[in-house]
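Listed below, chain by chain, are the residues.
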Amino acid sequence: MERKNIVDPNYPYTYRRTLCAIKRLVCRYRGLLRIGETGSSEQGRNIPLLILGTGKRKLFLLGSIHGREYVTTGYLLRCAEEYAHSAQCPKGYGGFDLQKLLLEYSFYILPLCNPDSVEIALGRALPEHRDEAFCAYTYKNNGRNVNLNANFPFEWQAVPKERQGGDFAASERETRFIMSLCEKHSFEAALSFHTRGGCVFWRDSVNGLVPYDREMAESISRGCNLKLCPETKEKKDCAGGFENWFRYRYNRPSLCVELVSDETAPFDLACREFERYTDWERTRLIPLVSAKAL
Ligand SMILES: [Zn+2]
């Protein structure tokens, strides 16, 4: 008999719901899924790391670095569940042999990088500082109103004030936790999931070419129906960004994946109609296609 899925991405993954899903997944897929080190947010919430697979080659996957894009948490949890399930049955998954792949690779998944932001975007918490334009629904910064994706120590001085990159580089706990994982685990590549555009940002002109960046980006574009973005030219647009910092620090590929092609899709609708807005049938393979491109 088919067992009922644990992950249902059609409802928003709040902080509590995420912790609960991770616990249940690890329990069901013992040996394949485990919990790694846990970080802490500025408002004191845990940032759980989920590790899938037993392989030596490590890939880093991040979701919800911007709170309003919480659909990416559901996306990563669902990937974890389907991959783990598939590794236990001989059927294959979109042409991939997960049993074999998860012996070679491990996916280090941070489904909820910015838990405070997700809680705020869902109307369940408030940030420490609110400007006049505060709107929970479109909120993307952390609990201290800093945009984590502009807080990394890469050309940080060039971050324009309106991008809200914080008082200094790596000023935020969430940023420092993500950096510490990268330092510790020597990931071969990183994928940070966002929602708007149905495209992949894969190169910036400050870092220039990074080995395998084009191979990874083109494989995802071909295999998962996402557009390739042009190289990010302006320093102000890539300064402080996670993926840009990763390229700079490790000279390895790091992509920003915008999962939802309809840029006007409301954040809650993209979640309620998950399969349609994320084009799940194609995008479910992104981490697998990326691993194969390396
Ligand atoms: Zn974003």
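Undergrad: Describe the pairing of strand 10 (residues 254-260), listing the residues and the values that go with them.
TA: Burial within strand 10 is extensive, with 7 of its 7 residues counted as buried. Of the pairings in the sheet, the one linking strand 7 (residues 189-196) to strand 10 comprises 6 bridges and is parallel in character. Residue pairing in the sheet places histidine 194 in a bridge with glutamate 258 of strand 10. Pairing between strand 8 (residues 199-201) and strand 10: 3 bridges, direction antiparallel. Following the sheet pairing, valine 200 is matched in strand 10 by valine 257.

Undergrad: Provide a residue-level description of helix 12 (residues 286-293), including the pertinent values.
TA: Of all 8 residues in helix 12, 6 are buried; the element is thus mostly enclosed. Turning to helix 12, its buried residues number three or more, namely Ile286, Pro287, Leu288, Val289, Ser290 and Ala291.

Undergrad: Let's hear about the nonpolar core: which residues, and what values?
TA: Counting residues in each nonpolar core, the largest one holds 88 residues, and the members touching the most others are Leu52 and Ala80. It is helix 2 (residues 71-87) that contributes the most residues to this core, 9 residues altogether.

Undergrad: Residue-level account of helix 6 (residues 213-224), with values.
TA: Between its terminal C-alpha atoms helix 6 stretches 16 Å, which fits the 16 Å expected from 12 residues at 1.5 Å a residue. Looking at the buried positions of helix 6, the neighbouring elements they touch are strand 7, strand 8, strand 9 (227-228), strand 10, helix 11 (280-283) and helix 12. Phi for asparagine 225, located one or two positions after helix 6, is positive at around 60 degrees.

Rules used throughout
Residues numbered from 1 in each chain as written. Predicted model: local features only at pLDDT ≥ 70, side-chain atom pairs only at ≥ 80, totals over all residues. Buried ≥ 20, exposed ≤ 12 C-beta atoms within 10 Å, placed from the backbone. Helix = DSSP H or I, 4+ residues; strand = E, 2+ residues; numbered from the N terminus. Pairing = 2+ DSSP bridges. Core = buried A, V, L, I, M, F, W, Y, C linked by C-beta atoms within 7 Å. Expected span 1.5 Å × (residues − 1). Contact = placed C-beta atoms within 7 Å.

None of this, on its own, says anything about what the molecule does.
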